[in-house]
Amino acid sequence: MEKTNVMRILDQKKLEYRSHFYGDTGAISGTDVAQALNENPQSVFKTLVTAGKSKKYYVFMIPVCEELDLKKAAKSVNEKSIEMIKSKELLPLTGYIHGGCSPIGMKKLFTTVIHYTANSFDKIFFSGGRIGCQIEMSFESLRKVIPINTADIIVNKNDL
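For clarity, every value in this text was computed on a predicted model and none was experimentally measured.

**Q** So, the sheet that holds strand β8 (residues 148–151): which residues are in play, and what are the values?
**A** Within the open sheet, the five strands sit side by side as β4-β2-β3-β5-β8. Their pairing is mixed. Of all strands in the sheet, those with a lone pairing partner are β4 (82–84) and β8, marking the two edges. Strand-to-strand twist of the sheet, defined as the mean angle between neighbouring strand axes without regard to direction, takes the value 35°. Both strand β2 (residues 45–52) and strand β3 (residues 57–63) contribute to a ladder of seven bridges, which runs antiparallel. Residue pairing in the sheet places Lys46 in a bridge with Ile62 of β3.

Structural data, given as structure tokens:
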């Protein structure tokens, strides 16, 4: 399979990563992807793009089996409130389509926050920039590509 922009950026920065292709597995949801890769769903992250009340955009990365807590996410970027952007806004804004959105290689660099548990894994997984492709690398290496903050940004199941 040909290299994605994400892989070209990582190669350029000489960072270590592994790419995984699961396009032939029929995996659609993030938890399906984690299963297809035979990985802990807590270490496989989805990339969510949001808009703040200030009209600024933010990227949040959370484990595929979790749900973004909009209040906690807003607080983590000092916004009054944030909301998910519409699917149709994703491509013109980021250059990526829904399901293939990577935190690396977006048209612009947006403030990015990852759930703090990313620190606890040797390697994390996230979209390689197209549906069917995941990148595996260390959190520290990802930080060398894009500035990332960590925070508690998921819905706590006990709060429900």
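The rest of the description comes next.
**Q** Go over the environment of Val155, please, and point to the residues and values.
**A** When you line up the elements, Val155 lands in the segment after β8. As a C-alpha pair, Val155 and Gly30 span 125 residues in sequence and 17 Å in three-dimensional space.

**Q** Let's hear about the environment of Lys157: which residues, and what values?
**A** Inspection of the secondary structure assignment puts Lys157 in the segment after β8. Residues Lys157 and Gln12, 145 residues apart in the sequence, show an inter-C-alpha distance of 40 Å. Each residue touching Lys157, except ones within four places of it in the same chain, is listed here: Cys65 and Glu66.

**Q** Report on the packing of aromatic side chains, specifying residues and quantitative values.
**A** To describe a pair of aromatic rings, one takes the distance between the centres and the angle between the planes. For the structure on display, the rule yields one aromatic pair. Relative to Phe110, the ring of Tyr57 has its centre 5.9 Å away and its plane inclined at 65°; by these criteria the two rings are edge-to-face. One end of the pair, Tyr57, is in strand β3; the other, Phe110, is in the loop between α4 (87–94) and β5 (111–115), and 53 residues separate them in sequence. Using a relative accessible area of 29% as the deciding quantity, one classes Tyr57 as partly exposed. Of the residues examined, Phe110 reaches a relative accessible area of 11% and is grouped as buried.

**Q** Kindly report on the nonpolar core, identifying the contributing residues and their values.
**A** If you look at the biggest cluster of nonpolar residues, it comprises 30 residues, and the most contacted ones within it are Leu10 and Leu142. Contributing elements (two or more residues each) for this core: α1 (5–12), β2, β3, α4, β6 (124–127), β7 (133–137) and α5 (139–145). In this structure, Leu10 is in contact with Leu15, Tyr17, Ile104, Ile135, Met137 and Val145, ignoring residues within four places of it in sequence. Core analysis: the next-biggest nonpolar cluster, separate from the first, contains 13 residues, Ile62, Leu68, Ala73 and Ala74 among them.

**Q** Run through the sheet that holds strand β1 (residues 18–21), naming residues and quoting values.
**A** Taken in spatial order, the three strands make up an open sheet running β1-β7-β6, and their pairing is antiparallel. Unpaired on one side and paired on the other, β1 and β6 mark the two borders of the sheet. Sheet twist, expressed as the mean angle between neighbouring strand axes with direction ignored, is 30°. In terms of strand pairing, β6 meets β7 through four bridges, oriented antiparallel. Its bridge partner being in β7, Ser127 is matched across the sheet by Gln134. Contacting β1 and β7, α1 crosses the sheet at an angle of about 25° to β7.

What counts and what doesn't
- Residues numbered from 1 in each chain as written.
- Predicted model: local features only at pLDDT ≥ 70, side-chain atom pairs only at ≥ 80, totals over all residues.
- Heavy atoms only, no water.
- Pairing = 2+ DSSP bridges.
- Helix = DSSP H or I, 4+ residues; strand = E, 2+ residues; numbered from the N terminus.
- Axes fitted to C-alpha atoms, helices over the stretch in contact; angles between N-to-C directions.
- Contact = heavy atoms within 4.5 Å.
- Phe/Tyr/Trp six-rings, centres within 6.5 Å; stacked < 30°, edge-to-face > 60°.
- Buried < 20%, exposed > 50% of the residue type's maximum accessible area, 1.4 Å probe, protein only.
- Core = buried A, V, L, I, M, F, W, Y, C linked by side-chain atoms within 4.5 Å.

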